[in-house]
Each structure stands twice: as structure tokens, then as C-alpha cells.
Amino acid sequence: MPEWMLTIAGETAQFTFQRQSDMTIPHQTSAEGQDWPKALTLISRNDTAIVIIDNRACNEAPYTAQVLTQRGQTPILLTGCCTAAE
């Protein structure tokens, strides 16, 4: 299982997978007519990603997260559990 971490704070995010990227979140939306899942677009100078957060429990965490990104021409899908910061 690949090691990765995503921290979201307001309109910025820090994404770590093979390297660390400080990213902005120019767009976020929810599924049409629903509160969940939520999709966020993440952009930095060197990376882009889309994260989809759903309110389904994951192990001990209240949410699941899926991150779609790429390294070079290789698409990457990362999945994991997430919690909301206090």
C-alpha cells in the first residue's frame, strides 16, 4: 500500500506522495442534489489532483478519500481513510 498524506485547510492543501506539494483548492462541489460525496480540485505548480471525500466510515475514521493524480504520464488512484480536523 503506497504511503501518502493529504491535509486540507480551507482553500489550501498539502499533498504528500513521492514528494510534497503545497496546493490550492480553486473548486469544490458536492454530488448533484446531495451533500456527499464532495469533490475538490487541487492545483500546485508541479501537480494536480482531484480528491473525492465520502461520509462512509473507513476503519476507525468517519470518511473515505480517493485521490486521482499522476506522475508523468502515469495515472494514479490512491484510496484511504480520513478524519476531520478539530
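What counts and how
- Residues numbered from 1 in each chain as written.
- Predicted model: local features only at pLDDT ≥ 70, side-chain atom pairs only at ≥ 80, totals over all residues.
- Heavy atoms only, no water.
- Pairing = 2+ DSSP bridges.
- Helix = DSSP H or I, 4+ residues; strand = E, 2+ residues; numbered from the N terminus.
- Axes fitted to C-alpha atoms, helices over the stretch in contact; angles between N-to-C directions.
- Core = buried A, V, L, I, M, F, W, Y, C linked by side-chain atoms within 4.5 Å.
- Buried < 20%, exposed > 50% of the residue type's maximum accessible area, 1.4 Å probe, protein only.
- Salt bridge = Lys/Arg side-chain N within 4 Å of Asp/Glu carboxyl O.
- Phe/Tyr/Trp six-rings, centres within 6.5 Å; stacked < 30°, edge-to-face > 60°.
- Lys NZ or Arg CZ within 6 Å of the ring centre and 35° of its normal.
- Contact = heavy atoms within 4.5 Å.

Enquirer: How should I be thinking about the sheet that holds strand 1 (residues 5–9) in this particular structure?
Expert: By definition, the strands of a sheet pair up through backbone hydrogen bonds, in either a parallel or an antiparallel sense. Taken together, the 7 strands give an open sheet; going across it, the order is 1-2-3-4-5-6-7, and neighbouring strands pair in antiparallel fashion. Edge strands, defined here as strands with exactly one partner in the open sheet, are strand 1 and strand 7 (74–82). Adjacent strand axes in the sheet meet at a mean angle of 25 degrees, parallel and antiparallel pairs treated alike. Across 5 bridges, strand 5 (residues 48–54) lies against strand 6 (residues 63–71) in antiparallel orientation. Its bridge partner lying in strand 6, Ile52 is registered against Gln66.

Enquirer: Could you clarify how one ought to interpret the nonpolar core in this entry?
Expert: Formed by 15 residues in total, the largest nonpolar core has its most connected members in Phe15, Leu40, Leu42, Val51, Val67 and Leu78. Looking at this core, the elements that each hand over two or more residues are strand 2 (12–16), strand 3 (20–30), strand 4 (38–43), strand 5, strand 6 and strand 7.

Enquirer: Can you help me understand the pairing of strand 1 in this one?
Expert: For a regular strand, side-chain orientation follows a simple rule: the groups alternate between the two sheet faces. Pairing of strand 1 with strand 2 involves 5 bridges; the strand directions are antiparallel. Bridge pairing links Ile8 to Ala13 in strand 2. Hairpin geometry of strand 1 and strand 2 is characterised by an intervening segment of 2 residues between the two adjacent antiparallel strands and by a positive phi of about 65 degrees at Gly10.

Enquirer: Explanation requested: the pattern of salt bridges in the structure shown.
Expert: Where side chains of opposite charge bring their charged atoms close, a pairing between them can arise. Within the structure shown, the criterion is met by 3 salt bridges. The salt bridge involving Asp47 is made with Arg71; its shortest N-O contact spans 3.0 Å. You can see Asp47 sitting in the loop between strand 4 and strand 5 and its partner Arg71 sitting in strand 6, a full 24 residues away along the chain. Pair check on accessibility: Asp47 and Arg71 agree, each one buried. Each of the salt bridges in this network shares a partner with another, and the network as a whole consists of Arg19, Asp47 and Arg71.

Enquirer: I keep staring at the packing of aromatic side chains and nothing clicks. Help me out?
Expert: Two aromatic rings, taken as a pair, are described by how far apart their centres are and by the angle between their planes. The full count for this structure, using the stated rule, is 1 aromatic pair. Seen from the ring of Trp36, Lys38 lies directly overhead, with NZ or CZ sitting 4.7 Å from the centre.

Enquirer: Where do I start with the environment of Cys58 in this structure?
Expert: Mapped onto the secondary structure, Cys58 falls in the loop between strand 5 and strand 6. Considering only alpha carbons, one finds Cys58 and Cys82, 24 residues apart in sequence, at a separation of 7.6 Å. The residues contacting Cys58, other than those within four sequence positions of it, are Tyr63, Thr64, Gly80 and Cys81.

Enquirer: Whenever I open this one, unusual backbone geometry confuses me. Can you help?
Expert: Generally, phi is negative for residues other than glycine and the peptide bonds are trans, each holding for most cases. Going from Trp36 to Pro37, the amide bond is cis rather than trans, its omega being -5 degrees. Note that Pro37 resides in the loop between strand 3 and strand 4. The backbone of Asn59 sits at a positive phi, close to 55 degrees, despite the residue not being glycine. By secondary structure assignment, the location of Asn59 is in the loop between strand 5 and strand 6. Take Asn59: its relative accessible area is 73%, and that puts it in the exposed class.

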